[in-house]
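Architecture and fold: a report
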Amino acid sequence: MAARIIDKITPDGRRLERILRDLDKKEIRIGFQRGKATDENGVDMCDIAMWNELGTSHSPARPFMRQTVDNHEGEINALLKQARQSLLGGYSGEQVLKEIGLKVKDMMQNEIINGGFVPNAASTIRKKGSDRPLIDTGRMRQSVNYEIKAKGERDE
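Attention in this report is confined to the structure presented alongside it. None of these values were measured; they are calculated from a predicted model. (Residues numbered from 1 in each chain as written. Predicted model: local features only at pLDDT ≥ 70, side-chain atom pairs only at ≥ 80, totals over all residues. Heavy atoms only, no water.)

Topic: the overall build of the protein chain
Counted only if it meets this: The helix count covers DSSP runs of H or I at least four residues long, the strand count covers runs of E at least two residues long, and both are numbered beginning at the N terminus. Computation of the radius of gyration draws on C-alpha atoms alone. For the globule rule, the value is 2.2 Å times the number of residues to the power 0.38. Exposure is judged per residue with a 1.4 Å probe applied to protein chains only, and the accessible area is read against the type maximum: over 50% gives exposed, under 20% gives buried, and values in between give partly exposed. In what follows, a contact means two residues having at least one pair of non-hydrogen atoms within 4.5 Å. Residue burial considers only the protein chains on display, and all accessible areas are found by Shrake-Rupley using a 1.4 Å probe.
Secondary structure summary: the protein chain contains seven helices and two strands in total. Seen in sequence order, the protein chain has helices and strands lined up from the N terminus as α-β-α-α-α-α-α-α-β. Taken against the 2.2 N^0.38 rule, which gives 15 Å for 156 residues, the C-alpha radius of gyration of the protein chain at 21 Å runs more than 25% over that of a compact globule. With respect to the three principal axes, the spread of C-alpha positions in the protein chain is 85 × 35 × 25 Å. For the protein chain, with 156 residues in total, the buried portion stands at 33%. When contacts within the protein chain are restricted to residue pairs at least 6 apart in sequence, long-range pairs at least 24 apart make up 65% of them. Counting only carbon and sulfur atoms, one obtains 51% of the accessible surface of the protein chain, whose full area is about 10,700 Å².

With respect to the nonpolar core
When a protein is soluble and globular, its nonpolar side chains tend to lie buried together. For clarity, the cut-off: Residues belong to a common nonpolar core when they are buried Ala, Val, Leu, Ile, Met, Phe, Trp, Tyr or Cys residues joined through side-chain atoms within 4.5 Å.
Counting residues in each nonpolar core, the largest one holds 13 residues, and the members touching the most others are F32, M45, F64, I112, L134 and M140. Secondary structure elements with two or more residues in this core: α2 (45-54) and α5 (93-114). With three residues, the single largest contributor to this core is α2. In contact with I112, not counting residues within four places along its chain, are F64, F117, P133, L134, I135, M140, R141 and V144.

Considering the pattern of salt bridges
Keep this limit in mind: One speaks of a salt bridge when a side-chain nitrogen belonging to Lys or Arg is within 4 Å of a carboxyl oxygen belonging to Asp or Glu.
Per the stated rule, a full pass over the model turns up eight salt bridges. A salt bridge links E27 to R29, with the shortest nitrogen-to-oxygen separation between them at 2.9 Å. Note that K149 is salt-bridged to E153, the shortest N-O span being 3.6 Å. According to the relative accessible area criterion, K149 is buried, its value standing at 11%. Three or more residues are tied together by salt bridges with common partners; here these are D22, K26 and E94.

Observations concerning the side chain of E53
Heads up, the condition is: Counting of polar contacts relies on pairs of N or O atoms within 3.5 Å, with two restrictions inside protein: one atom must be capable of donating a hydrogen and the other of accepting it, and residues adjacent in sequence are counted only when both atoms are side-chain atoms.
Tracing the sequence through the fold places E53 in helix α2. Under the relative-accessibility criterion, E53 is labelled buried at 6%. Of the polar contacts made by the side chain of E53, one reaches the backbone nitrogen of F64; its length is 3.0 Å. Here M65 takes part through its backbone nitrogen, which lies 2.7 Å from a polar atom of the side chain of E53. In contact with E53, not counting residues within four places along its chain, are A61, R62, P63, F64, M65 and R66.

Some points on the layout of surface pockets
With a probe scaled to a water molecule rolled over the atoms, the places where space remains empty come into view. Keep this limit in mind: Computed over the protein atoms alone on a 1 Å grid, cavities are sets of points where a 1.4 Å probe fits but cannot get out and pockets are open sets with protein on both sides within 12 Å along at least five of seven lines; a residue lines them when it has an atom within 4 Å of a point. Grid points are joined across faces, edges and corners, and a volume is the space filled by probe spheres set on the points. Residue type decides the class: Asp, Glu, Lys and Arg count as charged, Ala, Val, Leu, Ile, Met, Phe, Trp, Tyr, Cys and Pro as nonpolar, and the leftover types, Gly among them, as polar.
When its volume is computed, the largest pocket comes out at roughly 830 Å³. In terms of lining, the largest pocket is formed by 26 residues, of which the most central are I48, N52, T124, K128 and D136. When contributions to the lining of the largest pocket are tallied by element, the ones reaching two or more residues are α2, α6 (122-128) and α7 (139-143). When residues in the lining of the largest pocket are grouped by element, the largest group, four residues, is from α2. Grouping the amino acids of the lining of the largest pocket by side-chain chemistry returns ten nonpolar, eight polar and eight charged. L23, I28, I30, I76, L80, A83, R84, L87, V96, L97, I100 and V104 together form the lining of the second largest pocket.

Thoughts on unusual backbone geometry
A positive phi angle, close to 70°, is found at L134, a residue other than glycine. With respect to the helices, strands and loops of the structure, L134 is situated in the loop between α6 and α7.

With respect to the side chain of R62
Quick reminder of the rule: Two residue types count as positive, namely Lys and Arg, and two as negative, namely Asp and Glu; His and chain ends fall outside the count.
With respect to the helices and strands, the residue R62 is situated in the loop between α2 and α3 (64-71). Buried and unpaired, R62 has no salt bridge, with E53 as the nearest side chain of opposite charge at 11 Å. The residues touching R62, leaving out its near neighbours within four places in the chain, are N52, E53, F117, V118, P119, N120, P133 and L134.

Focus on the packing of α3 against α5
Counted only if it meets this: The angle between two axes is taken between their N-to-C directions and runs from 0 to 180 degrees, where each axis is a line fitted to C-alpha atoms and a helix contributes only its stretch in contact. Here a crossing is called left-handed whenever its near helix is offset anticlockwise from the far helix by less than a right angle, and right-handed whenever the offset is clockwise.
Close contact between α3 and α5 brings their axes to 9 Å; oriented N to C, the two are set at 115°. In the crossing of α3 with α5, the sense of the turn from one axis to the other is right-handed. Listed contacts from α5 to F64, M65, Q67, T68 and N71 of α3 are V104, M107, M108, E111 and I112. Class assignment for the residues of the contact of α3 with α5 results in six nonpolar, three polar and one charged.

Written out as C-alpha cells, the structure reads:
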C-alpha cells in the first residue's frame, strides 16, 4: 500500500491565497475618470479623450489609448510577470495594482506626446500655434490617471 501524502499550506501560502482572492475582485481602470478633470471651458476630460481617441465629424481619430496597449504590449506583459514575482516576494495586492497603474499611466502619457498620429490641419495649427496633435494646453495628458475598483463597480 502506498504511503499517504498530506500537504499542509504554509502561512505564506495562506497569505498568497488571500491576496489572490482579493485581487480577483478588483480591476485597474487606466485613462480618464468622468468628473475628475475638465478643460478651461468646463468640458469633461473623459469626453475630450474619447473624441480624440475615436475621432469626430471634424477631426480624425488619434487612438492614443489603443496605441499605448499595442505599442507597449511587451512591456505590459513583462510588468504583469513582475507583478507575480512581487506578490510572491511579499508585496500586497494593493501595492502591485498601484505599481501597474502608475507605469501604464506613464506609458499612456508618453504615447500622447510621442505617438504617431494624423497631423493637425493647417487651420488647427494656426489656431493653437502648434502642429502637435493631442498637445495644446497639456491638460489632457496631465489628466491621465488610474483607479483601483471592485470588478464591475459603476462610476458615480
